[in-house]
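An overview of the molecular structure
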Amino acid sequence: MNAAELGSFLTQFTVFILAILCGFATISKVPATLHTPLMSGANSIHGIVLVGSMFIAVTATDLLSQVVSLIAVAFATMNVVGGYVVTDRMLQMFKRKPVAAATAEPRAEG
Amino acid sequence: MDQDLLFALARIAWLIGAVAFVLGLIRMNSPATARNGNLVSAGGMAIAIVATAIYLLLRPAPAEGSSGITGWIIIVVGIAVGGGLGLYTARTVKMTAMPQLVSLFNAVGGGAAALIAIDDYLGIAGTPGLVANVAIVLDIIIGSITFTGSLIASGKLMGLKITPSRPVRVPGGQITTAALALVMVAAAIFLWIGNYSVPAMFLILAAALIFGVTMTLPIGGADMPVVISLLNSFTGTAVAMAGFVLDNPVLIIAGALVGASGAILTKLMADAMNRSVMNIMVGGFGGGEGTVAAAGPEGGSVRSIGMDDAAIQLAYASSVIIVPGYGLAVAQAQHAVRELAELLEERGVTVNYAIHPVAGRMPGHMNVLLAEANVPYPQLREMEDINPEFDRADVALVVGANDVTNPAARRAGTPVSGMPILDVDHAKSIIVIKRSMGRGYAGIDNELYVNPKTGMLFADAKQGLADLVAAVKAL
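**Notes on the overall build of chain A**
- Assigned secondary structure in chain A consists of five helices and zero strands.
- Ordered by position from N to C terminus, the α and β elements of chain A give α-α-α-α-α.
- Counting only contacts in chain A whose residues sit at least 6 apart along the sequence, the fraction spanning at least 24 positions is 69%.
- Accessible surface for chain A amounts to roughly 4900 Å². Of this, 68% is attributable to carbon and sulfur atoms.

The structure is reproduced here in structure tokens:
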């Protein structure tokens, strides 16, 4: 490994370590109630692998590579789209219903 | 446009995406801002993806190997197919079936990460630099394990025949799993010391895919939340490795973020069940064999209670605490329980729900299920909050919860010892809706059931609750 390679690796590695610490700090404060939506939300975030899949798709020249990148793009998109939509559906459940229901109720006579 | 400038703009967009992921996760800390947080995260994702597309469109074609229009057809078709499937399944899935869908989305994410490394390795046709070499192999191993492991976990939650939710014995057991691990390590070292070998890469791929299956199959359905969370963390790590392979900062950041969050979440879940992650992964108790008998007070007979008796107790109580558990989720009885609760409230009974941290199939899963059934959010009380109130409750109604109510957990020397439990036995009287005297996941008898205050109502959770509703109405 030459100096330039080492330098570029250390830059990547610094980002990697700081992002791990960031993840620890963010998550430890979440109440148990939100753990499932949170897991689902984190699950959507790793759908960012779509960006990588697009990179390999545009440079795919042989058939094998094209098939591999097609599957990768489809998989990654499913992860992104499905992940965010299902998380949103879960979180929709948490909106405060009693208040809305009470105001919407027609007022009784007397 | 100048390629350097173009790339700089793409990197700025990725940075915005990464910041949005972190801010989105922070906003998901509180129920009030959680939905907004998810939208912030999704917005960041959209910016990162669109910026990537623009960059790839406008950049001058690389000298070697540009497929031009074919590459774009691949991207458009892939996004259409994957996006369509994701959107359709996410919008139509029942909320009770949601954990297996999350597991499925996790599987495909891990699969995509592994495919990137495979493609990269086949494309370079020569020993890559040390960093890329290590990252490629780790990406293939972790991504493949998470792909098959998550598929098996999803299948177990769906109760498919080939992947029953009970622990399945793998031929050769842990020796097979250990042998597969050894093959992966040996082949990885072979590649890392400077050999370029496509067969060795495929050997690693095959071993990792099988490893994912043999790792997950022996684990019981009740432990799946922990497994899915762990595999979610794995996928994040695999994506970060793909970031090292492609030298892409946003993949590294987002992957590491998810890797860390998944790890924390996994530990929280395992802690709540008083189990170590290691214990679960190597298949501790609950395999149906070697069941530990609780060294508790023996004897004490079980008292069965009739539907009308139970209805009278509930209807004339002033305070009822409902304890929903795994059985309620399985029977999809959340609407029935809400109906019963509303009926009781109309009669002036105060109703609360005691939610154990691991009730359901994932932490927080029970909250989602009950929220779907329109149970008012303030009635859902967490364990620490509700435990002191059992002393004042007239009736505790346990529906499909078992180990989390077992008083044996307060003593040392039982498999559930030390696990935080709901103080159901402190209530003035207890009604347990349960199909049979079957044991919970820990494989021990629940001392709550032989408590003289406890009446057992043997019924399916959904049917039992429906009958209770009818009985209360008839009063």
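**Here's the deal with the interface of chain A and chain B**
- Taken together, the contacts link 81 residues of chain A with 105 residues of chain B.
- Across the chain A/chain B interface, buried area totals approximately 8200 Å², and carbon plus sulfur atoms make up 78% of it.
- On the chain A side of the contact with chain B, M39, I48 and M78 of chain A bury the most area, a combined 9% of that side's loss.
- Taken together, chain A and chain B are joined by one salt bridge.
- Across the pair D88 of chain A and R35 of chain B runs a salt bridge, and its minimum N-O distance is 2.9 Å.

**Regarding the packing of helix α2 (residues 35-45) of chain A against helix α4 (residues 63-92) of chain A**
All names here are of chain A.
- At a minimum axis separation of 8 Å, α2 and α4 run at an interaxial angle of 160°. Considered as vectors, α2 and α4 are oriented roughly antiparallel to each other. Of the two elements, α2 crosses α4, and the hand of that crossing is left-handed. Touching T36, P37, S40, G41, N43, S44 and I45 of α2 are N79, V80, G83, Y84, V86, T87, M90 and L91, all from α4.
- Broken down by class, the residue content of the contact of α2 with α4 amounts to seven nonpolar, eight polar and no charged.

**What about the packing of aromatic side chains?**
- All told, the structure shown has ten aromatic pairs over all chains when counted by the stated rule.
- On the numbers, 5.4 Å between centres and 50° between planes, the contact of F7 of chain B with Y55 of chain B is tilted. Residue F7 of chain B is located in helix α1 (residues 3-27), and its partner Y55 of chain B is located in helix α2 (residues 31-58); the two are separated by 48 residues in the primary sequence.
- The rings of F9, F13 and F16 of chain A together with F244 of chain B are connected pair by pair, giving a single aromatic cluster.
- The ring of Y316 of chain B has R347 of chain B sitting right over it, with the charged end atom 5.5 Å from the ring centre.

**Some details on the confidence of the model for chain B**
All names here are of chain B.
- In this model, chain B carries an average pLDDT of 86, and 91% of its residues clear a pLDDT of 70 or more.
- Within chain B, helix α7 (residues 198-216) carries the highest mean pLDDT (95), whereas helix α10 (residues 277-281) carries the lowest (78).
- Counting interchain partners and residues more than four positions distant, the pLDDT-below-50 stretch residues 284-298 has 23 contacts.

Scoring rules and cut-offs
- Residues numbered from 1 in each chain as written.
- Chains lettered and ligands numbered in written order.
- Predicted model: local features only at pLDDT ≥ 70, side-chain atom pairs only at ≥ 80, totals over all residues.
- Heavy atoms only, no water.
- Helix = DSSP H or I, 4+ residues; strand = E, 2+ residues; numbered from the N terminus.
- Contact = heavy atoms within 4.5 Å.
- Areas by Shrake-Rupley, 256 points an atom, 1.4 Å probe, with all protein chains shown as cover.
- Buried area = accessible area lost by both parts, 1.4 Å probe.
- Salt bridge = Lys/Arg side-chain N within 4 Å of Asp/Glu carboxyl O.
- Axes fitted to C-alpha atoms, helices over the stretch in contact; angles between N-to-C directions.
- Parallel < 35°, antiparallel > 145°, perpendicular 65-115°, else oblique.
- Left-handed = near helix turned anticlockwise from the far one by under 90°.
- Nonpolar A, V, L, I, M, F, W, Y, C, P; charged D, E, K, R; others polar.
- Phe/Tyr/Trp six-rings, centres within 6.5 Å; stacked < 30°, edge-to-face > 60°.
- Lys NZ or Arg CZ within 6 Å of the ring centre and 35° of its normal.
- pLDDT = per-residue confidence, 0-100.

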